[in-house]
Every structure is written in structure tokens, then in C-alpha cells.
Amino acid sequence: MDYPGSRPEGRAVRQRVLEQLDASAPLTIIEGVPGSGKQALIRQRCEQLRQISTCAAADSPAGPHAARRKAPIVLIEFPQRALGDAHALGFAAAAFAEQLGVPASSAMRHHATLDALLRGQVDASQLERALPSFLRDLQGLQLCLVNYEWQASSAIDRLIVASVAAGADVLCSLVDASDLRAAASVSSVATTVITDDQLVFTPQEIGLLAASFGLDPTPELTARVHELTAGHPLASSMLMLRALGIERMVLDGSQVRAVIGGVEREWRQVIDLRTPTSEGASARRHIDADTVNLALLRSAGGMLSYAVIPFMELLATRQGRSQFMSMLRDLVAVPAVDLDALASVLPGALRAVERLRLAGYARIEYVAGTAGIVHWHEGMHMVLRDWLHNLPRAEHQQPGSGFAMRLVSWYGEHGRPQDGAQLLQDLGDVDVLESFVGAHLIDMVWTRRVQGFTPVLALPDAQRAQLPTATVLAALESYRSIRQDRELARRTLSIFPLLEQRMRTGSVLQRLNSALALSVGAAALDRWESYGSALRCCADAVAEAGLAGQLDSHSAARADLILGVLALIRADVSLARTLLLRALAEGVQHQGRAVAVLCLRVLEGYFGQRLLGGSESAQAVQRAEDLTGGPRDGASWGAIDEFVALAQAWQAVWNGEPGSGLEALRQLIERNGRLLTQPFIAWSYTLLLLLDGQAQAAYGVWEEVERRLGADAPMSGRRLLGMALAGFASGHAAEAVALVERHGDGTGLHAVLARGLVAFSTGRPLDESELSVDAGPAMVSRAETLLQVLLAGRSIQDGDTSGALARLRSVEASSSEADMAFALRFAPRECLAAMRQHLGDQLPGDLLRLTDELMDAPHVLVVSAPRPQLTPAEQQVLALVTEGLTNKAIAERLFLSVNTVKSHMRSLFRKLGVSSRAEARAIGRSLLQ
């Protein structure tokens, strides 16, 4: 079988490098990372020179250096351990004498020098001075040094340079050739360096290697091996041996043998990579490329762990302490690193990165805002990392951990905490990860760059409890899927009690981080009604930390804007106004300022108040769209469309054109129906639908919200009021009354308004003090205006026209026209009719005009049908129903038959317009009061 690169003469796999050596300089250095096959190449080169020297084979032309190749050829193969200069020179002398034959060297005038070296009596300096005369009779000497990197030192480097200057050709290998190249340059010795990128296997060479192992070198197999190993010679050999079925490796002294199919083979025979002839091609074993994967490479790496032993020895030598090896060890500790960070934390590392890139072990990805990101080749990173994992550790630290922590600090200091957190996840340091995330939580939430945290959700509960803040970021990262996955939601919610505890008992910064994490987590889970206290706690902690100097104004502004946005979406509009104005005062920048201004524009329309300067307010929507539509400097505001639509909607209400505002919200919800579960979106959409006269559509909004949230979702005051308003307006008064009876016992503004709504609609006596519970400093002017208009309408119903007139005059004096128009649109039409009928021209001028203008416009509140006329017997039955009695108990109490009670119940259901006992009980309480 023929395949690319094969030749009948059995050409070596690395022939292209060997051919380059034919034209190389007298000093040739093979410089490559460990495992790149340097030693095998030197052995092959030595054997090739010997063959050329002894015979002129027709298929192996001598080349341009034929005359010199008849000179002595000496291969010195040092052991893979550091010997020291004197021992190394003695070892080399012994190999030199053995291969030349000491008797045969009697013609050398200075054979005494060799003898002295064998006895350890000549130091490096003496030998350097004696080399020219020592090598005079050995002109053209070819000296091949295998494993030289284990013995490299400045003294022996000088000896090599002196040997070349005296006429010898030297071939050696090094991991880092910087020192030897420098020594050669000083002596003006010509040097050729074979670099990493020349040592890696091409796919064609991998095919030759596969054939040498008895495998069928299919294009699919060779491409897959090259993809996994980047052409790294040792890794490619390891992977194919494992695919071939290697059982184990045997290390016997300096000999390594591979056991394949029960037969031991010397490792040198394998790693020398000789290409077989095409004979026997039919007997090659076919390996499915799909079975060759990273797991197989890891398995091969573990099986060939013998390679770790010399690697560990090498790190103890001068070469191991070289700049390149030191950087390699640090770089292997991380999967990827920014070039800016690398240059800052590890000066001079860019040359090492360039070597790794040229060799195919790493790639550089250019990303906007960075000088580039260095990524390891996955397979080679795994192999080298596994080797380094077995290295002796200082103080039980992983190799490169100090470098990794310096990188983490750099990322934190340069506004890229997400990259530092990702690196800590890769390193698996739980305590440091949680501490780092807590220290940079504001920035990470601000930028929304939280990629890579999702695996935290897969951890067991006990481990996840150690990473509560990281868990919240995982929820923020995967918020789209987590809302649909109950198990993921449970995993996130499991850490909320711990965050709540820290929020109440921790230090200022712990309270801030825990409350912020709770607020963000609730948003990620779409649980807007939960953990509202966390927003206020976090807002207080931000202010406290700022006053104590524990939080700079930049971070405080970002935190306040994040909280202000969450408060607005959650419909805590008073808190949102405070936080957004505070963020502007603290100096939030760029897109953040645009978002703050836009959100305040929403609140301007909602409150009917000027919160911003006139020019800035008028241009807010367009300016925010422009700023956030371009390149974003770190902030990622996915909710910009929501804020724009809300601003347009509420400004339209302020301007008396709710219909155009409604269209903006309708288009927003059509694009993303999930937004209905956001409290302020649902509330705004409901009010605008009611102001536009679409009561049934408003009721449908809350039916859909209830369906999505589920029956167990907490009932906020705003949601209660919205459902009650839509219910009364659309003819579902009984359901609305029952809902308020179940959930309307709170003291908040919206719960109070909901109870007042029931009172207005059912004729229940109204306690004015109850409606003034929350009418304190936090009450916005529009809500106060609305309350006063409703109370005035009720005073007219009770015959107190003078009290009603006093209230309305106070409203006209203290409220804007927009507030009055909103209040009159909110109040029932019957209320306006009563004002016009009983007060007439006594109404203040603006109210008189607005009442006439808005009489026929759609109104939010509607008064239910007249109170049902019940017979005395029905009233008695209804009273006992409200007490919770059964039909049998009612019959016994009133001395009636059960059938008679049932007849009264059917009549009550019809007159009250209800379909259940619970609804009848709810309305009954109001009617009987």
C-alpha cells in the first residue's frame, strides 16, 4: 500500500530535518520542548553519518560534506540526570575513547589529555585551552551529543564552542538554546538552530509513523491523531501505541520496553520511527478514527508515565530552570491567558508563547479589547499538565499556582473579574473563588460577563453551599434555561437561606454582597415578588459602605444603578427613584448613565413629576437608544427595549395620550411574551389597557400572569390591586372581591387601595384613616391626589358635599394638571358625575374643566351593579355562610330543613353573581357590614 511520503527505500519519518542537517552550520542545535523527538533525531543523524562514512550507497548520496564525513563520528549519549561538569566530562571522555579506540588514537599528540579526563584530572578551563591541539589530528570530527540538556552548563557550552572553532562539527539538543547561542555568537561560530515548528509531525509523517507501528495509515486516522496532538512526536507515538493495544511500559534502568500483544519491544526501536517498506502492508491493523480521542490520549499518557521521570530530573538542571522551562511550567497551569496579562505578570514570556505557537501547541485568538488570548492545544495541554501534576510541590501548591494567582489579581485590577473567576474555577480553589467573586460581584453583575459558572449548579449541595455567590452568577448566566428546569431552580434556591443569614448578620460588605446576590438571583429565577427586602437592605449597605470608605463612588454608582433597575422592574417605584437619582449623583458613566436617565424618564411619566433637567429628560429615549446601540464599554443592558417602551408608554400617559403608549407596550410584549411576568410591565400594561377601555384584555393579562407564576407564587400588593382593578372593570367583581378578601390584609399602599376599591364597589362603609396608612413622606404626589379624589367622591355619596369640596380644592391647589387628569381617569365615571351634579360650578376651575373633558373617556375604576336586594331569610342564611357554617348547621340554627337552606343558597348565588361558597362568603362580609 502506498501513502503520502512513503518511499521504497524505507525513508526515515524525519527525513526533512535530516536533509536540513546536510547543509547546516558546524554548530547545530535542535531546540524543542520535551518529548519533541530531539534525541531520536540525533541518533538517526549519527547513524546516517556512519553509513555515509563507511559506504557510498546508491540511494544515500554523500552530499556537500562528503569529504568531512569520512572523519571520526562520535555519539555521546548522556544519562537523563545531572552529572556535574567534572563527571559529565569524564563520561564524555569515556564514550569518546570507546568509540575511537584508545589504542587507535596513539597518533594523537595530546592523548594524555584524554587520559587525564578519564582520570578526572583536567578541569573545563584547562581542556578549553588544550582543545585546538587535542583535535588537530581529528579534523572533521562529527560529535553528536544526546541528552545534552541534562548536562548543559556555561563551562561545557564554552567547550562546545571551542571544539567547533577547532574544526569539529557538533550536533546537540537543548530545551532552551539561548545560552549556547550567545556563547557561539561571542566567538563568531556559525550556528544552525532547528526549532520547535520544524520538529512537529505533519499529517503525512504521522501516516508513516502509523505504518511503522503496523497500523493502516488512513487519512482519517492520521488527521485525528494530528488534531489531538498537534503533531507532537511523543504524544503521537503514545496515542497510536494505545490505539494499537499497548498493555504496559517497562522501565528497566535506562531501558524502556513496550509490551504490545504480550511481546516486549525496546522503546528505542519504536521511537526511532523507521519507516517500513510497503511489504506487509496488507497485514496492517485498521483502527477506526472515531475511537481515537482525548480519553485515549490521557490513558496513553498515564501508561507512559516513565516519561515523567526524566522530565522531573530535567527541571532540576540548569535547563529546567531556564526562562523557557520556567514559563512553560507556569503556562501549563492555566488553560488560557491574555497576552497583556502575560506580559505584565511574566515578563519575557511572549517569546515562549511564540515558540509554542509555531510548534502548534498553542493558538492565539484575537479579541476586541485585548492583545490576544493564548489558548493551549487541548491534547498537549492535557499531556503536559498530567506530567507537571506529578512534580514535587512546594508547600503542597500546584506548579504554576503562584503565576495563576498573579493572573487572577491582574484580571481583577484591570476590570476583567470574570476572567479571573473563570481561571479560579479551572484551578478548583473553592475558598479563593468565592472570596474573589464576592470582592468583584458588582463589576461582574454590571458587565454580565459571567460565562463559565454554570458547572457550579452541577456540584453537590454541600459543595455548592461553599459557593453561594458563584451559584447566583451561574443562575444569572443560565437564566433562560433555569426558569424551565425545576431542579436547577432548586439548586439555586438552596443557597438563598445562607445568603439571607449573611445579609442580616454579616459585615457591611457581606450584607451588601449577600443582598445583591439575593436580588440578582431572584431576578434570574423570575421571582420578582420574592426577596424585596434584599433590595432595600442592599441599598442601605451601599450607602453605609460608601460613608465608611469601603466602597468607591464608581462601584457605589454601579451598585445603585443595578438596584434601581431591579427595583423598577419589581415595581418598587419609590425605591427605584431614590436609587437612580443617587446613581446619577455618584457619577455613573457612559451607558450606565443613559440607562439611569431612561429609567428616570419612565418614572417621570409614572409620577407625573419632573425628576431630570428639561433637555436631558426630553432627549432621554433617543440618547439611550443611541448610546446602548453602539459598542458597549463593559455594560450589557439586555433590558434596554423594555425601558424604552415603558418610557414611551408613561410619557404618553403624562401627555394624556395613553393609546400611543399602549401600542409601545403591546409591541414589546408581542416580541417577548415572557415580560408579562415582570411586575412593572404587567402593571403598566394593565393600567394602559384600562385607560384605553380594554377591560377584558386587562383581565386576560392577569389570568396569563397567574398561569405562568403558579398558584403558590407570593401575592404582592401591586399584583393584587392590578388583578382587582381588571376584575371589577371587566365584570368579574365577585372574583375580585374574593381575591382581596384573601390577600388584602396588608398595610402597603396597594393593599389599602385594593380594600378601598372593594369598599367603593360594594357599598361597604369606608374608614378614611385606613386609606391614609401609607400616605407619609414616601407617598408620591400622584397617589395622594388619587386618594383625595376617591375620598371626595365617597364623601359625596355619604352626603358630605362640603367635605368633598374642601378635599377637591386642596387637590387643585397642590397637584399638577397631569396628576389630576390621571386621578379623574382612574376614578369611576359615576364619581365624576356625582361631583358635577352635587358641586356644579363650585368645583375649582381646572377640575371643572377636566371633569367635563374626561366624563366620556374610559376609566380604570368602575362601580359594580346596585347592591342586590336580599330577603330577610336570605340575609340570615348569608350571615351564617360568612361564619363558615355548612348547610346542615345553618338549617339547625334557623330551624329550617336542609332543602330550604339549599333553595336560599341557589337564590343567593344568582343575586350575588357568584359560583362558589367562598365567593359568596367574601361578598357577604362586605354587604353585611
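Residues numbered from 1 in each chain as written. Predicted model: local features only at pLDDT ≥ 70, side-chain atom pairs only at ≥ 80, totals over all residues. Heavy atoms only, no water.

## Some points on the overall build of the protein
Applicable threshold: A helix here means a DSSP run of H or I that spans at least four residues, while a strand means a run of E at least two residues long, and both kinds are numbered starting from the N terminus. Exposure categories follow from relative accessible area, calculated using a 1.4 Å probe and restricted to protein chains: below 20% of the type maximum is buried, above 50% is exposed, and the middle band is partly exposed. In what follows, a contact means two residues having at least one pair of non-hydrogen atoms within 4.5 Å. In short, Shrake-Rupley with a 1.4 Å probe defines the accessible areas, and a residue's cover is counted only from the protein chains shown.
What the protein contains, in helices and strands, is 51 helices and eleven strands. Here the protein holds 929 residues, and the buried ones make up 55% of them. Residue pairs in contact within the protein that sit at least 24 positions apart in sequence constitute 70% of those at least 6 positions apart. As displayed, the protein has an accessible area near 39,100 Å², and 50% of this comes from carbon and sulfur atoms.

## A look at the nonpolar core
To keep things clear, this is the line we draw: Nonpolar cores are built from buried Ala, Val, Leu, Ile, Met, Phe, Trp, Tyr and Cys residues. Side-chain atoms within 4.5 Å join them into one set.
Of all hydrophobic cores here, the largest spans 242 residues; its most connected members are Trp-650, Phe-680 and Leu-725. Sort the elements by how many residues they give to this core and helix 30 (residues 553–569) lands first, with eleven residues. Excluding residues that lie within four positions of it along the chain, Leu-725 makes contacts with Trp-683, Leu-687, Leu-690, Leu-757, Phe-826, Val-860 and Leu-861. Residues Ile-76, Ala-92, Phe-96 and Ala-168 belong to the second largest nonpolar core, which totals 41 residues.

## Details of helix 15 (residues 323–332)
For helix 15, the buried fraction is high: seven of the ten residues fall into the buried class. If you check which residues of helix 15 are buried, you get Phe-324, Met-325, Met-327, Leu-328, Asp-330, Leu-331 and Val-332.

## Regarding the pairing of strand 3 (residues 142–146)
For clarity, the cut-off: Paired strands, as defined in this entry, are two strands with at least two bridges between them according to DSSP. A right-handed crossover is one whose linking path, passing over the helix from the first strand to the second, runs clockwise when the strands point away from the viewer.
Summarising burial for strand 3: five of the five residues are buried, a large majority. Taken together, the five bridges between strand 2 (residues 73–77) and strand 3 define a ladder with parallel strand orientation. Within strand 3, the position partnered with Ile-73 by the bridge is Gln-142. The pairing of strand 3 with strand 4 (residues 169–174) spans four bridges and is parallel. Looking across to strand 4, one finds that Leu-143 is bridged to Val-170. As for the winding sense of the linkage, the β-α-β connection from strand 3 through helix 6 (residues 154–165) to strand 4 is right-handed.

## Examining the sheet that holds strand 1 (residues 27–31)
Definition in use: To get an axis, fit a line to the C-alpha atoms, keeping to the stretch in contact for a helix; angles then go from 0 to 180 degrees between the N-to-C directions.
In spatial order, the strands read 2-3-4-1-5; together these five strands make up an open sheet with parallel pairing. On the outer flanks of this sheet lie strand 2 and strand 5 (191–194), each paired with one strand and no other. Averaged over neighbouring strand pairs, the angle between their axes works out to 15° when direction is ignored. Alignment of strand 1 against strand 5, held across four bridges, turns out to be parallel. Bridged to Thr-28 within strand 5 is Thr-192.

## Examining the environment of Ala-541
Positionally, Ala-541 belongs in helix 29 (residues 532–547). Remark: the alpha-carbon pair of Ala-541 and Gln-510, spanning 31 residues in sequence, is separated by 9.0 Å. In contact with Ala-541, other than residues within four places in its own chain, are Val-508, Arg-511 and Leu-512.

## Quick word on empty space enclosed by the protein
Put simply, the rule is: Here a cavity denotes a set of grid points, spaced 1 Å apart and computed over the protein atoms alone, in which a 1.4 Å probe fits but from which it cannot get out, and a pocket denotes an open set meeting protein on both sides within 12 Å along at least five of seven lines; residues with an atom within 4 Å of a point are reported as lining. Grid points are joined across faces, edges and corners, and a volume is the space filled by probe spheres set on the points. Throughout this entry, Asp, Glu, Lys and Arg are counted as charged residues, while Ala, Val, Leu, Ile, Met, Phe, Trp, Tyr, Cys and Pro are counted as nonpolar. The remaining residues, Gly among them, count as polar.
One pass over the full model with this rule turns up five cavities of 30 Å³ or more. Size it by volume and the largest cavity reaches roughly 360 Å³. Taken together, 23 residues form the lining of the largest cavity, with Leu-89, Ala-92, Leu-127, Leu-143 and Ser-163 sitting closest to its centre. If you list the elements that add at least two residues to the lining of the largest cavity, you get helix 3 (85–100), helix 4 (111–118), helix 5 (124–134), strand 3 and helix 6. Broken down by element, the lining of the largest cavity gets its largest block of residues, five residues, from helix 3. For the lining of the largest cavity, a count of residues per class yields 22 nonpolar, one polar and no charged.

## As for the sheet that holds strand 9 (residues 336–338)
By way of backbone hydrogen bonds, the strands of a sheet pair with one another, either parallel or antiparallel. Spatially, the three strands line up as an open sheet ordered 9-11-10, and their pairing is antiparallel. Pairing within the sheet leaves two strands with one partner each, and these edge strands are strand 9 and strand 10 (362–365). The average angle at which neighbouring strand axes cross in this sheet is 20°, direction not considered. Sheet analysis places strand 9 next to strand 11 (residues 373–376), joined by three bridges and oriented antiparallel. Residue pairing across strands places Asp-338 opposite Ile-373, the latter belonging to strand 11. Docked against the sheet, helix 17 (residues 349–358) engages strand 10 and strand 11, running at close to 110° with respect to strand 10.

## Considerations on the side chain of Gln-319
Let me state the cut-off plainly: Each polar contact in these results corresponds to two N or O atoms within 3.5 Å; when the atoms are within protein, one needs to be able to donate a hydrogen and the other to accept it, and residues that are neighboring in sequence are counted only if both atoms are side-chain atoms.
Within the secondary structure, Gln-319 sits in the loop between helix 14 (308–315) and helix 15. Here Gln-319 falls in the buried class, since its relative accessible area comes to 4%. A polar atom in the side chain of Gln-319 sits 2.9 Å from the backbone nitrogen of Val-175. Setting aside residues up to four positions removed in sequence, Gln-319 forms contacts with Glu-149, Ala-152, Leu-174, Val-175, Asp-176, Leu-314 and Met-325.

## A few points about the side chain of His-375
Among the secondary structure elements, His-375 is positioned in strand 11. Judged by its relative accessible area of 18%, His-375 is buried. Engagement of the side chain of His-375 in a polar contact is seen with the side chain of Glu-365, the distance being 2.8 Å. When neighbours within four sequence positions are excluded, His-375 is seen to be in contact with Pro-335, Ala-336, Tyr-361, Ala-362, Arg-363 and Glu-365.

## Some remarks on the pairing of strand 11
In regular strands, side chains alternate between the two faces of the sheet. Residue alternation in strand 11 divides its side chains into two sets, Ile-373 and His-375 and Val-374 and Trp-376, and both sets are buried. Relative to strand 11, strand 10 runs antiparallel, the two sharing four bridges. Bridge pairing links Glu-365 to Ile-373 in strand 11.

## Brief notes about the packing of helix 24 (residues 468–477) against helix 28 (residues 508–524)
Quick reminder of the rule: Should an angle lie under 35 degrees it is considered roughly parallel, over 145 roughly antiparallel, and from 65 to 115 roughly perpendicular; all remaining angles are considered oblique. Each helix crossing is assigned a hand: it is left-handed if the near helix lies turned anticlockwise from the far helix by less than a right angle, otherwise right-handed if that turn is clockwise.
Closest axis-to-axis distance for the helix 24/helix 28 pair is 9 Å, and the angle between their directions is 30°. Considered as vectors, helix 24 and helix 28 are oriented roughly parallel to each other. As helix 24 runs across helix 28, the sense of the crossing is left-handed. Where helix 24 abuts helix 28, its residues Val-472, Ala-475 and Leu-476 lie against Ala-517, Val-520, Gly-521 and Ala-524.

## Things to note about helix 45 (residues 817–826)
The element helix 45 is extensively covered by neighbouring structure, given that eight of its ten residues are classed as buried. Residues of helix 45 that are buried: Ala-818, Asp-819, Met-820, Phe-822, Ala-823, Leu-824, Arg-825 and Phe-826.

## As for the layout of surface pockets
For the largest pocket, the calculated volume is near 1,500 Å³. As for the largest pocket, its lining consists of 47 residues, of which Arg-483, Ala-523, Ala-524, Asp-526 and Arg-674 are closest to the centre. Broken down by element, the residue count for the lining of the largest pocket peaks at four residues, all from helix 30. In terms of residue class, the lining of the largest pocket is made up of 23 nonpolar, eight polar and 16 charged.

## Quick word on the confidence of the model for the protein
So the rule is basically this: Residue-level confidence of the predictor, termed pLDDT, takes values from 0 up to 100.
In the predicted model, the protein carries a mean pLDDT of 80, and the fraction of residues at 70 or more is 82%. Long-range and interchain partners of residues 271–277, a stretch whose pLDDT sits below 50, account for 24 contacts in this model, where long-range means more than four residues apart. Throughout residues 773–779 the model reports pLDDT below 50, and contacts reaching past four residues in sequence, or to other chains, amount to eleven contacts.

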